Amino acid sequence: RAYATNELGTAYSEEESLITVPEEQEPTGYINGYPYVDLGLPSGLKWATHNVGASTTTDFGELYAWGEIETKSSYTPENCSSFSLTEDISGDTRYDAARAKWSSTWRMPTLDEVKELAENCTYRWVIYDGNERLMITGPNGNYIFFPTIYLYEIDVLYGNCWTSTPDNIMTYDDYPVAYMMSVHNLNDVWYGLVNARTERWRCNGIRPVSD
């Protein structure tokens, strides 16, 4: 159950249990050889079934610093090249790894497109392929999985994917940040954030979209 605590005490949501999903969603179609699912969103946006660099829908895939199109052996503020970017990078082959790697009409989702996903879809944690995954179900009943990885040092399952949208106002430790989708189960409570932010030099996954 989700909960919130304030000076009045602790309030709990209705209890929910994890369900087991027997199979993944069949792709609606393919763009340049990569499968997508039409979730029935108002915009008609198509979401890829898996992350850039992933071999299955539940793999986390490759990790990228925001605004960079190649993976690295280490991710530090000193080797980040995107600090000077101020515009949304969706579809720009110089900075958008989804467009650079998958070509065609694939690109990183904008913050507004991630918000559309959250506002129109149902999020539920399920057991699939023996592990807990976030299942995102659209208005038409089609769904995609959002993968997570386990951080043993802090005992948390989490998953982050970049959006293409920078935040040109806020910084963390004086380093520019960008928006991302973020989910985690800190203290065994599942959270999902569509407007989380982190430093651009950090590495996250990328889930492509297409018009």
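Shown above is the structure to which this text applies.
This is a predicted model, so every value here is computed, not measured. Each chain has its residues counted from 1, running along the sequence as written. Totals for whole chains, interfaces and linings use every residue, but because this is a predicted model, local features are given only for residues with pLDDT of at least 70 and side-chain atom pairs only at 80 or more, for both listing and counting. Computation of side-chain values: all heavy atoms of the structure, hydrogens and water removed.

## Observations concerning the overall build of the protein
Then step 1. Along the backbone of the protein there are 2 helices and 16 strands.
Then step 2. Here the protein holds 211 residues, and 46% of them are scored as buried.
Then step 3. Within the protein, residue pairs in contact and separated by at least 24 positions form 58% of the contacts whose partners lie at least 6 positions apart.
Then step 4. Surface accessibility follows the Shrake-Rupley procedure with a 1.4 Å probe radius. Residue values consider only the protein chains on display as shielding. Of the roughly 10,700 Å² that the protein leaves accessible, carbon and sulfur atoms contribute 46%. Numbering of helices and strands runs from the N terminus; a helix is a DSSP stretch of H or I covering at least four residues, while a strand is a stretch of E covering at least two. Burial classes: relative accessible area under 20% of the type maximum marks a residue as buried, over 50% as exposed, and values in between as partly exposed (1.4 Å probe, protein chains only). Contacts between residues were defined by any pair of non-hydrogen atoms, one from each residue, lying within 4.5 Å.

## Some points on the sheet that holds strand β6 (residues 46–48)
Pairing between sheet strands relies on hydrogen bonds along the backbone, with the strands arranged either parallel or antiparallel.
Then step 1. Whether two strands pair depends on DSSP finding at least two bridges between them. Judged by pairing direction, the sheet is antiparallel, and its 4 strands sit side by side in the order β4-β5-β6-β16 without closing on themselves. Among the strands making up the open sheet, the edge pair consists of β4 (29–31) and β16 (209–210).
Then step 2. Sheet topology note: the strand β5 (residues 34–38)/β6 ladder contains 3 bridges and is antiparallel. In the strand pairing of β6, Tyr 36 is matched with Ala 48.

## Thoughts on a negative patch on the surface
Then step 1. Judged by side-chain charge, Glu 23, Glu 24, Glu 26 and Asp 129 come together as a negatively charged surface patch.
Then step 2. Along the chain, Glu 26 turns up in the loop between β3 (19–20) and β4.
Then step 3. With a relative accessible area of 60%, Glu 26 lands in the exposed category. Residues enter a patch when their relative accessible area is above 30% and they make no salt bridge; the linking distance is 9 Å between like charges and 5 Å between nonpolar side chains (Val, Leu, Ile, Met, Phe, Trp, Tyr). Should a side-chain nitrogen of Lys or Arg be within 4 Å of a carboxyl oxygen of Asp or Glu, the pair is scored as a salt bridge. We score Asp and Glu as negative and Lys and Arg as positive, and we do not count His or the chain ends. Charge positions come from single atoms, namely NZ of Lys, CZ of Arg, CG of Asp or CD of Glu.

## Notes on the sheet that holds β3
Then step 1. Taking strand neighbours across the sheet as the criterion, the 4 strands line up as β3-β8-β9-β10 in an open arrangement whose pairing is mixed. For this open sheet the edge positions go to β3 and β10 (143–146), each flanked by a neighbour on one side alone.
Then step 2. Of the pairings in the sheet, the one linking β3 to strand β8 (residues 122–128) comprises 2 bridges and is parallel in character. Of the residues in β8, the one forming a bridge with Thr 20 is Ile 127.

## Some points on the packing of aromatic side chains
Then step 1. Whether two aromatic rings pair depends on their centres lying within 6.5 Å, for rings of Phe, Tyr and Trp, where Trp uses its six-membered ring; planes under 30 degrees apart make the pair stacked, over 60 edge-to-face, and the rest tilted. All chains considered together, the criterion is met by 4 aromatic pairs.
Then step 2. Centroid distance Trp 102 to Trp 106: 5.2 Å. Interplanar angle 85°. Geometry classified as edge-to-face.
Then step 3. For Trp 106, a relative accessible area of 0% translates into the label buried.
Then step 4. A connected cluster of aromatic rings, assembled from ring pairs, spans Tyr 34, Trp 102 and Trp 106.

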